Every structure is written in structure tokens, then in C-alpha cells.
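Architecture and fold: a report
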Amino acid sequence: MRKLESIQYNACLAITGCFRGTSQERIYSELGLESLADRRFTRRMIFFYKIMNNQAPSYLRNYLPARLTEPVNIRTRNPIYPLNIRTERFRNSFFPSCISQWNVLDGNIRNLPSVKTFKIAILKFLRPKQSRVFYVSDNQGVVLLNRLRVGFSHLNEHKFRHGFRDTLDRFCGCRTNSVENTQHFFLHCSIYSYARQSLFDKLQDLRTVFLPLNPSYFCRLLLYGDESLTSISNQTIILSVVEYIHESGRFSGALF
């Protein structure tokens, strides 16, 4: 299973241009992918739903113990008695594992009227929402943006945290004793003042008030845009940020 998961992880690295060692959870979140373990869970639950609702071969229901007759609350509504399990091998086989997972599902999900609605509910819970780049076609710029999004770029704080031997501390070269993280790079570093002013001028042209204007929100706005804005406005934001990344020269020669 680890080898299979590594194939998907390596594919995600190739798609995003991120470095090996990037958090699997964060890179999957960027691409809107669930792990293969979650995908197996989804497939098992869908098939088990079919067994429970007489949409699978009838003989499979013979392996099920009785359901509990008195619901305790909405979360445990319609659960099944667990099987008598003596070994880990049996615990991890289809019916024992499915019964255990079925019993912890929300009752509203278990009692959905169709396979389609059940599948949608499971995927909504497990599958992260993909982070968009709004059709920005600058591939190199998008790669650098992806690395900033997942928190693993050539910024000193990122490299120091991941144990790069050529990075002895987290601090920026602007001599302000500031940690060179994503927020510092976008909002504070004096080295990139000219490029930053150009970026802010382009954002002002959108004629949109970005509130609240706290650093954390503003940094996320630069990385991802904002769902409350139009696609065109978000495209302008991401394109302007990519141009800022290039104009700063911070990652020149550090694409690979």
C-alpha cells in the first residue's frame, strides 16, 4: 500500500513541481485528491451500502449480523452488531472492517436514499477542494507559486525546517532579523519593495476592498485569491503574484 501511495505522491510532485519531502496531505489538498487509503475506504463503503440496501448479490447479506434495534442517537442510527473478532487478520478483512467503519458513519449518510447521494456525501467529506490557479498559463511561475502554497520553497525558513545543509538559520538577508517565511517575502522584506509596490498597484486597479486587511488574510489572498471575488479578479491576483515572484528575483535559478 505504501508503494502504491508513493506512485500517486510522485505523480503529484510532477504535476505541481513541488519538492520531494513536501507534506503529502498538503500536496493532495492543492490538487483536490484524496489518499489511496481514503479512496479504498470510499469503494468499500459504497459496496457495503449496496449490500445493506439489497443492491448486491443476496447471499452477501448472510455474512451480516443483526442490526441494533434501538437507536441511541442520530449518529448511531441503524448500526450493526460488531462481529466477534479474535485476530487482526480477520479484523482487517472486508466484513469486520466495513461493519466497524459503517457504525461510525453519521446516520444521515447511512440512510441516504441512493448510491449516488451516498457516494457524493462520502466524497464531500473525504475529498479536499482543489486549489485553483485561474488559468494562469505561466508554468514556471505556477510551480513557484505551488511551492509557496505548500510551505516548501527556497525561502530560508522552508529550507531550514526541512534540514537543508546550506541553510544555517531561518533569517532573511534583509538584515532586519526577520524570519524569511512566505508572509515576510510577500509583505515585509525591504529587498523587494519596488516589486511589491508594483504588485499592490495592480491589486488597487481591481477596485476591490480587501477586508480584513490583516497580514494572515492578505497573504492567503495573494496565494489563493478569494471565493467572494469573480474569476477574472482572482486571475488578475494570481497573475500579479506570479509576476511579483519573477520580478523579485528571489527564486532565479532555483526552479529545480
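Residues numbered from 1 in each chain as written. Predicted model: local features only at pLDDT ≥ 70, side-chain atom pairs only at ≥ 80, totals over all residues. Heavy atoms only, no water.

Within an unreviewed UniProt entry, the label attached to the chain reads Reverse transcriptase zinc-binding domain-containing protein, and the organism entered is Clytia hemisphaerica.

Although it is not a glycine, Tyr135 adopts a positive phi angle of roughly 65°. Its location among the elements puts Tyr135 in the loop between helix H7 (115-126) and helix H8 (139-149). With a phi angle near 65°, Arg175 is a residue other than glycine that sits in the positive phi range. If you trace the backbone, Arg175 turns up in the loop between helix H9 (156-161) and helix H10 (182-188). (Helix = DSSP H or I, 4+ residues; strand = E, 2+ residues; numbered from the N terminus.)

Here we come to the side chain of Asn156. As for its position among the elements, Asn156 is in helix H9. Residues in contact with Asn156, not counting those within four places in the same chain, are Thr167, Asp169, Arg170, Phe171, Cys172, Glu180 and Arg250. (Contact = heavy atoms within 4.5 Å.)

Let us look at the domain arrangement of the chain. Segmentation of the chain into domains returns domain 1 (34-126) and domain 2 (139-248). The gap between the C-alpha centroids of domain 1 and domain 2 is 44 Å. (Domains from an automatic or database assignment.)

For H7, spanning 12 residues, the distance from its first C-alpha to its last is 16 Å, which sits close to the expected 16 Å at 1.5 Å a residue. All of the buried residues in H7 are Val115, Phe118, Ala121, Ile122, Leu123 and Leu126. Close packing links the buried residues of H7 with helix H3 (36-52), helix H5 (94-104) and helix H6 (107-110). (Expected span 1.5 Å × (residues − 1). Buried < 20%, exposed > 50% of the residue type's maximum accessible area, 1.4 Å probe, protein only.)

A separate point is the pattern of salt bridges. Within the structure shown, the criterion is met by nine salt bridges. Among the salt bridges present, the one from Arg91 reaches Glu88, with a minimum N-O distance of 2.9 Å. Of this pair, Arg91 and Glu88 both sit in helix H4 (residues 88-91), separated by three residues, roughly a single helical turn. Since its relative accessible area comes to 39%, Arg91 is described here as partly exposed. You can call Glu88 partly exposed: its relative accessible area is 48%. One salt-bridge network, held together by shared partners, links Glu34, Arg39 and Arg127. (Salt bridge = Lys/Arg side-chain N within 4 Å of Asp/Glu carboxyl O.)

A separate point is the packing of aromatic side chains. This model, assessed by the stated rule, comprises 14 aromatic pairs. Centre to centre, the rings of Phe48 and Trp102 are 5.4 Å apart; their planes meet at 65°, and the pair counts as edge-to-face. Remark: Trp102 occurs in helix H5 and Phe48 occurs in helix H3; sequence separation between them is 54 residues. Like Phe48, the residue Trp102 is buried in the burial classification. With a centroid separation of 5.1 Å and an interplanar angle of 90°, the aromatic rings of Phe94 and Phe95 are classed as edge-to-face. Owing to a relative accessible area of 13%, Phe95 belongs among the buried residues under this scheme. One aromatic cluster in this structure is built from Phe185, Phe186, Tyr192, Tyr244 and Phe251. A cation sits over an aromatic face here: Arg147 above Phe19, 4.0 Å from the ring centre. One cation-aromatic arrangement involves Arg220 over Tyr224; the distance from NZ or CZ to the ring centre is 4.4 Å. (Phe/Tyr/Trp six-rings, centres within 6.5 Å; stacked < 30°, edge-to-face > 60°. Lys NZ or Arg CZ within 6 Å of the ring centre and 35° of its normal.)

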